[in-house]
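Descriptive analysis of the structure
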Amino acid sequence: MENLYDTLKQKGYKRIKFKLSKTQHLLIKAKINGIEGNFILDTGASNSCVGFEAIAHFELSATDSDTKAAGAGGTGMLTQTSLKNKLKLGRWNCKNFGLVIFDMSHVNEALRQYKAKPVHGIIGADILMKGKAIIDYYNHCVYLK
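This report concerns the structure included in the present document. Everything quoted here is computed from the prediction, not taken from an experiment. (Residues numbered from 1 in each chain as written. Predicted model: local features only at pLDDT ≥ 70, side-chain atom pairs only at ≥ 80, totals over all residues. Heavy atoms only, no water.)

1. Observations regarding the overall build of the protein chain
Definition in use: For helices the rule is a DSSP run of H or I covering at least 4 residues; for strands it is a run of E covering at least 2, with both sets numbered from the N terminus onward. Note that the radius of gyration is over C-alpha atoms, with the globule rule given as 2.2 Å times the number of residues to the power 0.38. Whether a residue is buried, partly exposed or exposed follows from its accessible area with a 1.4 Å probe, protein chains only, as a fraction of its type maximum: under 20%, in between, or over 50%, in that order. Whether two residues are in contact is decided by their heavy atoms: any pair within 4.5 Å suffices.
If you tally the helices and strands in the protein chain, you get four helices and 11 strands. The C-alpha radius of gyration computed for the protein chain amounts to 15 Å, which stays within 12% of the reference 15 Å derived for 145 residues, consistent with globular compactness. Along the three orthogonal principal directions, the C-alpha set of the protein chain runs to about 50 × 35 × 25 Å. Going through the 145 residues of the protein chain one by one, you find that 39% of them count as buried. In the protein chain, the share of contacts with a sequence separation of at least 24, taken over all contacts with a separation of at least 6, comes to 58%.

In structure tokens form, the structure reads like this:
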């Protein structure tokens, strides 16, 4: 069988490395609006999101949303949205990137309890689908087209 990296590179995919946290989460670095942050790569999250404190960090323009968030932290959480952002994962770019903003304190508190570093947000299935993602767990990388 051909080398996966070479095959996907020929098809226009970009390789982005991730790390495995102490909690077995996939950790990835990303830039939003040119500002770097730490994220969990989460195939089970429908949308990419950041915590309220990340609004200032990533210089986001946030608006209130009627949508309520649901996840491991519960249901009915208030949200905001931020549209028309720039996302960069390695050499892969998305120029019109929307984010859900909600209280991620429960996520980071859980990480702290395991002595893992907190994250700014989550890269979810919206980006994985847009980039036609292929996740290579063995080599700790994700490919996006």
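2. So, helix H3 (residues 105–113)
Basically, it comes down to this: What the arc covers is the set of directions going from the helix axis to the C-beta atoms.
For H3, the set of buried residues is Val107, Asn108 and Leu111. Viewed along the axis of H3, the buried residues span an arc of 90 degrees, placing them on a single side of the element. Residues of H3 that are buried in the fold lie against strand E4 (35–41). Phi turns positive, to about 55 degrees, at lysine 115, one or two residues after H3.

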